[in-house]
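An overview of the molecular structure
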Amino acid sequence: MVDTTPPGRALLLAQFPELADYARPSLRLHPRRGHPTTGESSVGGPLLWPVDEPWPTCDRDDHELVADGSGSFGEPVVMACVLQLYRRDLPAGILPAPGWAFPNGTDLLQVLWCPTPHEGTYGPCIRVLWRAEAQVGTALTANPPLNVSSEDLGFDNLAPRPCLIRPETVVDFPPIACLHPGQVDGSGDSGLLLGKLPAHLERACLG
Ligand SMILES: [Zn+2]
């Protein structure tokens, strides 16, 4: 099966040609529930992780969901795997684009995060690693179990479930606005806009 993004952007560009100046290459992952292995790109799947390398933990004391308000769970929080992306799985096309070049000869991107919200961002704190697959050596056969679950603490589940991915290159554009078009009355109140595009263009797209 091939996952593709509907060509809606062509319609958008036809109506708002100025948007072409803000086009940027992006990657859609198209995660689908499955049983990825360490040798596959995945969301929430097992990472290709050296057996002799400590698994990342978060020992910050600004966690939001701690019952006693201390911000600490009393032990380091085991980080959850979020993404593993092999360079070989990047589709041909507009990538590698600036910002997508794997640095220093690496060919594997791994992203983990602490699966509970932190003060300030009210989101997880993130760890990003770049590896060379050939240098990993003996790898773990499974990710370590998590010791803190945001879902058990009454928050959205921040530990992704295992999914296989089928990356697709797409042309993306800056976000326009998160409000319903009916909330913008065209009076020039730019406070309702995100400001990623010129106000007149952003407002026109909302119409
Ligand atoms: Zn944390």
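Scroll up a little and you will see the structure.
This write-up is about the structure you can find in this document.

1. Here we look at the environment of proline 103
With respect to the helices and strands, proline 103 occurs in the loop between strand S6 (80-86) and strand S7 (108-113). Since its relative accessible area comes to 28%, proline 103 is described here as partly exposed.

2. Description of the coordination of the zinc ion
Within the first shell, the zinc ion binds the protein through Cys58 (SG), His63 (NE2), Cys114 (SG) and His118 (NE2), at distances of 2.0 to 2.3 Å. Considering all four donor atoms around the zinc ion, the spread of angles at the metal, 103 to 118 degrees, places the coordination shape in the tetrahedral class. Linear spacing of the donor residues for the zinc ion on their chain is C-x4-H-x50-C-x3-H. Here histidine 63 is found in the loop between strand S4 (57-58) and strand S5 (77-78), whereas its partner histidine 118 is found in the loop between S7 and strand S8 (126-131), with 55 residues between them in sequence. You'll find histidine 63 and histidine 118 in the same group, each marked buried.

3. Considerations on the sheet that holds S8
The six strands lie next to each other as S2-S9-S3-S6-S7-S8, forming an open sheet whose pairing is antiparallel. Where the open sheet ends on each side, the last strands, each with one partner, are strand S2 (32-33) and S8. The pairing of S7 with S8 spans six bridges and is antiparallel. Among the inter-strand pairings, valine 111 is bridged to a residue of S8, identified as valine 128.

Calculation notes
- Residues numbered from 1 in each chain as written.
- Predicted model: local features only at pLDDT ≥ 70, side-chain atom pairs only at ≥ 80, totals over all residues.
- Heavy atoms only, no water.
- Helix = DSSP H or I, 4+ residues; strand = E, 2+ residues; numbered from the N terminus.
- Buried < 20%, exposed > 50% of the residue type's maximum accessible area, 1.4 Å probe, protein only.
- Donors = N, O, S within 2.8 Å, 3.2 Å for Na, K, Ca; no water.
- Tetrahedral: all angles 85-135°; square planar, octahedral: opposite > 155°, others 65-115°.
- Pairing = 2+ DSSP bridges.

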